[in-house]
Amino acid sequence: MIEFMFALAIGILFGIGVFQLLRRDLIKAAIGFAILFSAINLFFVAAGAFEGEFAPYLSNVQAGRSVSDPLVQAFILTAIVVSFGSFSLLLGIVNIISQRYDTVDSNDVTQLKH
Amino acid sequence: MQLAFITAAPFCLALLLALPQTRSHLGKTAQTLLSTALMAALFAWLVGSFPLVQAEQVIIQRLEWMPSLGIRLSFYLDGLSLLFGLIITGIGALIFFFAGFYFDDAAEYNRFMIWLASFAGAMLALVLSGNLLMLFIAWELTSVTSFLLIGFKGEKEAPAREGAFKALFVTSGGALALIIGLVMLGAAAGQVVSPEAGSGFVTELDVILGLNSLHEHSWFPLFAALILLGCFTKSAQFPFHFWLPGAMSAPTPASAYLHSATMVKAGIYLVARLSPAMYKNELWTNALLIMGLLTMLVGAVFAVKQSDLKGLLAYATVSKLGALMALLGLPGQAGLKAALVGIIAHALYKSALFMVAGTIDHVAHTRRINRLGGLRKELPVLFWVTVISALSMAGLPFLMGFVAKETLLDALLHYSAPWTGLIMLVALVSAALTALAAYMLIGEVFLGQRPRGLRIHKPPNPIYFGPALLAFCSLVMGFLLDPLVIPLLRLAVPKSFSLPLFAGFNEVFWMSAGVIGAGALLYLVREPLIKRITFPVSGDAVFREIIDYIDWAGNALLHFQSGYVRYYLVWILGSVSLMLVASGTLSTVTAGQTLLPQDLSMTATDLAKTFMLLLTIVAGALTVVLREHVKAAIAFGVIGYAIGVIFLIDHAPDVALVQMLVETMATVLIIIMLGQIRSGARLKVIHSLWAGRHDYNFGFLRDLGISIVIGSAVFVFSLIALQNRPERRSIAEWHLANTGLVNSEDAVGAIVADFRGTDTLLEIAVFTTAALGVLTLLARGRNGGGRLVPSQASVDRLPEIDAEAVEEIQDATSLSTPFTRLVTHFVLPIAILIGIAQILYGGSGPGDGFTAGVTIGLAVSLWYVVLGYDEARRQLPWFRPEQFVRLGLVIGIVNALVPLLFRKGFMGHVQFDKALGIYDLVGSFGLHITSSLFFEIAIAITVMGGLGIIIEAIAYPKSRAAADEGLSAAGIGN
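Residues numbered from 1 in each chain as written. Chains lettered and ligands numbered in written order. Predicted model: local features only at pLDDT ≥ 70, side-chain atom pairs only at ≥ 80, totals over all residues. Heavy atoms only, no water.

S.K.: Please clarify how the overall build of chain B should be interpreted in this entry.
M.R.: Looking only at helices and strands, chain B features 43 helices and two strands. The burial tally for chain B puts 54% of its 974 residues in the buried class. Here the analysis covers contacts within chain B between residues at least 6 apart in sequence; of these, 77% occur between residues at least 24 apart. As displayed, chain B offers around 41400 Å² of accessible surface, 68% of which is attributable to carbon and sulfur atoms. (Helix = DSSP H or I, 4+ residues; strand = E, 2+ residues; numbered from the N terminus. Buried < 20%, exposed > 50% of the residue type's maximum accessible area, 1.4 Å probe, protein only. Contact = heavy atoms within 4.5 Å. Areas by Shrake-Rupley, 256 points an atom, 1.4 Å probe, with all protein chains shown as cover.)

S.K.: I would appreciate a short explanation of unusual backbone geometry in the present structure.
M.R.: Residues apart from glycine generally show negative phi values, whereas peptide bonds are mostly found in trans. All names here are of chain B. With an omega of 0°, the peptide bond running from Phe238 to Pro239 counts as cis. Secondary-structure assignment places Pro239 in the loop between α10 (220-234) and α11 (243-246). Phi is positive for Gln57, close to 70°, though the residue is something other than glycine. Considering the arrangement of structural elements, one finds Gln57 in the loop between α4 (50-56) and β1 (59-66). In this model, Gln333 sits at a positive phi of 55°, which is unusual for a non-glycine residue. You can see Gln333 is positioned in the loop between α15 (309-328) and α16 (336-364).

S.K.: Honestly, the interface of chain A and chain B in this entry has me stumped. Any pointers?
M.R.: For interface size, the figure often reported is the accessible area lost on association. Contacts between chain A and chain B engage 80 residues on the former and 109 residues on the latter. Each partner contributes to the roughly 8400 Å² buried at the junction of chain A and chain B, and carbon and sulfur atoms together form 74% of this total. Ranking the residues of chain A by area buried against chain B places Leu22, Tyr57 and Phe84 of chain A at the top, with a combined share of 8%. Our enumeration of links across chain A and chain B arrives at one salt bridge. (Buried area = accessible area lost by both parts, 1.4 Å probe. Salt bridge = Lys/Arg side-chain N within 4 Å of Asp/Glu carboxyl O.)

S.K.: Sorry if this is basic, but what is going on with the nonpolar core here?
M.R.: Ranked by internal contacts, the top residues of the largest apolar core, which has 210 residues, are Leu116, Ile227, Tyr257, Trp284 and Ile360 of chain B. With sequence-adjacent residues up to four places away left out, Ile360 of chain B is seen in contact with Leu309, His365, Thr366, Leu372, Leu375, Leu382, Val445 and Phe446 of chain B. One finds Val94 of chain A together with Met612, Val662 and Ala732 of chain B within the second-largest nonpolar core, a separate group that totals 127 residues. (Core = buried A, V, L, I, M, F, W, Y, C linked by side-chain atoms within 4.5 Å.)

S.K.: Mind showing me how you'd approach the packing of helix α1 (residues 2-22) of chain A against helix α27 (residues 604-625) of chain B here?
M.R.: The description of two helices packed together rests on the angle between their axes and the distance between the axes. Closest axis-to-axis distance for the α1 of chain A/α27 of chain B pair is 10 Å, and the angle between their directions is 15°. Compared by their axis directions, α1 of chain A and α27 of chain B come out roughly parallel. In terms of crossing hand, the pair formed by α1 of chain A and α27 of chain B is left-handed. Residues Ile2, Met5, Phe6, Ala9, Ile12, Leu13, Ile16, Phe19 and Gln20 of chain A of α1 of chain A pack against Asp606, Lys609, Thr610, Leu613, Leu614, Thr616, Ile617, Gly620, Ala621, Thr623 and Val624 of chain B of α27 of chain B. When grouped by side-chain class, the residues that make up the contact of α1 of chain A with α27 of chain B number 13 nonpolar, five polar and two charged. (Axes fitted to C-alpha atoms, helices over the stretch in contact; angles between N-to-C directions. Parallel < 35°, antiparallel > 145°, perpendicular 65-115°, else oblique. Left-handed = near helix turned anticlockwise from the far one by under 90°. Nonpolar A, V, L, I, M, F, W, Y, C, P; charged D, E, K, R; others polar.)

S.K.: What is the right way to look at the pattern of salt bridges in this model?
M.R.: For side chains of opposite charge, pairing can occur when their charged atoms come near one another. Across all of its chains, the model carries 14 salt bridges over all chains by this definition. Residues Asp308 of chain B and Arg367 of chain B are paired through a salt bridge, measuring 3.1 Å at the closest nitrogen-oxygen approach. Here Asp308 of chain B is found in the loop between α14 (282-305) and α15, whereas its partner Arg367 of chain B is found in the loop between α16 and α17 (380-394), with 59 residues between them in sequence. For Arg367 of chain B, a relative accessible area of 19% puts it in the buried group. Across the salt bridge formed by Lys609 of chain B and Asp650 of chain B, the nearest N and O atoms sit 2.8 Å from each other. Within this pair, whereas Lys609 of chain B is found in helix α27, its partner Asp650 of chain B is found in the loop between α28 (629-649) and α29 (653-676), the two being separated by 41 residues in sequence. You can call Lys609 of chain B buried: its relative accessible area is 5%. It is possible to trace a salt-bridge network through shared partners that takes in Arg23 of chain A together with Arg702 and Asp703 of chain B.

Okay, structure coming up:
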């Protein structure tokens, strides 16, 4: 059941992210991009961190408790950091577009090449 | 080991020359002498190693490189390598010296020498390498350095760019074939070495050359063809020869060195190198023979047509390379001796002639043959150098070229095949044409009338040194065959042989004499003859056709680029769905499953998670529905926090902490950025997208439709993936079991900082790159180039631009109340304390260097939000993000290298506290001083710096940007 809920949330968030990207509002598009990242991170955590009743700490392992998968978590950490890096780059792009063209409507920006 | 040093020495020279200190402190003469001395020393070392090679036949030295792949750095010195090594270093020393006087401009000379020295290193690595993969890397390095040298004047001259591109296109295209061929050869050799293992892979040269059944392997035709393709392109064999004349736009020292003496012989070298294992198969020898003879003839014919001095030399080189290939293609390695003699003779006379051409270009500013003439009186030294070298090229008796031609004709004559007659005809015609080209060099350039308007100036005398020495060698080498040449050849040629200077008046001598005479006759009738020679197609035209087709295909593809994200999304979605369905993955995985949940029961934690998931969905919907950007940004923050809570419930406290910090940072960044964008611009897009409350127009419905389709697809995919995720953890078990070994309590922290530390190192590098990307984008975009970081002067300057700007700044800093200022001032030290604690105790709980960096970054961003850009910059003078990034990355890399001293490998785990004997002392504070700790510190500093860069770049006031633009236009400030 919880898998279903996760899948539902991932699908809806992904759809929202795509919708924001398709609209012409560049600020919303940046936000939509970040939502896409969130959906993907959510997918990873759902895929890896289900089993296990405790955080992956040495004391828990030694006490024989079942712990969640640490490797997936390490990967998500990396994913979060990298997606944040690309998100800030995106914000930079939106920022410079808005200053150069005095607009945040992607349809008004037709001369990025120059 | 010594061979590794020999190979590394030219690279070190290149590095040394590239240092700014060298450039400012060492003059051109000093650099010239230094480079020449180094190459001469290497030459002397190789000469000195001669007795050792004589005693041992082969010297092999190995260094571990990638032990897990079984790949080693192997160095291999035998007669063949030694011969090539001597040419590379010996001719190299002379060319390096020559270049010092060829270039007038010291900076240009320095730039040139950096690349030329790198090339020398790559070429030495190529001939000294005892491993096929290492050989290939060196091979590619020579192509790249050759590209840089050909395109040396590319900034100003289009032909240089074109020639460089052409050379790279052809040689690296061939190299692609070569690498496949080498890998197949390695795999085939592996099968031969251990047939039962089946998948062994052998790249060590000594093993491969020791095999005697490789030529019977079923893959032989394929890998032989691929390797030969690589060699033919590199050594400019017909029809790939056309890049070599194009490469003549390189400065002449490079042409003399790369494109006559060394690099173009790399293909010859590799063929000779592999021949012992390959020559028994007739495919190999016949291909070499046919291509070689064809190239020999074509090159000679083209050579006499050239009007450019260097072009003539280039085609003569092509012809000679063909002759060498053909000799290597004689059955039973019968031509090896002749080929090696030819290589020596050619290196001597052709390098000298190239240097002559370069000197003429230098003094007369032209290389057109018809504009030159009668230079004998002005340039007597060059004249005699040319006479000796060109006559050696023509093969006049007792010069080194004569020996080469005698052995060539002799070897071909003894090849008894039905078509020996044809072969001899080709060889004789080519030789006669080569003789004609040689006579033309003397006659057209130095004799006859000097054309009107040809002015020359005296070159510096040392420029003559290299060519004169080489010409002298051409002159006397023939008389020194016994003491010098024959011992060297005996190391490289397995069979016994004799090499007389003069073999008597036999048929070869009469042929040789006939060729020289025929050349002379042709010289008399050269003008009508050359006019008669026309070609239906040129290699250049074919090349241009190919490039045109590639362009056309590129343009055709451009039609698919609409520029609208929605169409790309549809394409991507469509192809992914097609792949999933067509490959049968979906139906296989879901066979016998129902996607809808059967069991609707939920535990308490599941309920909590479900609630959070629903919250993300609602917040997600709000980001769409809330029209104002600030509100949408806050709704976006809610999504991130809800996901953070899910991480927390799912027993991932580290991830939860990072997620929440990053989410906060992202939201703050959006809000800072919103302050930068004119509210009118924001309102405009909101109005145009939401014109009228219920006016859901076509665009809205279309986008909604696409998103619903994509969202549903992702939903189905996730559901299938989640229901079928693997139950068993793989390497995670090992990580959990070994967390204690790296003095960590937290397995996630241990993975991030230790087990997969290299990942993390790269991750912070990526993060830094993104930060620098933001900075570059904003700084460059604003100033239209110029400085990346705003100058201190422009920071100190108060904004006094226009009323609107001031108003805007006040607007942005309206959060600045006495209370918020107080909070701001308090938060930063607390954040720094928290950061330090997270670094020090990161091993025993959530939090690590990254969270520490983000925490401090958040506190700093508060300053920018509350106090505004100017005041934040003024009050935090110690916050220098660029320096932090630099420092952090340096600490990270040094820390990754330090374990090597402890023999732990890159990024190994070192317990410094144990090494220093203070383990118990610091342990009583709950600390462990290990390499992980320093890594965390590096991460924290880098991330803090990266965030600082991003914040400063995004918070940089717009009014200031406008002012900067004005200043840079007026030439002040920046």
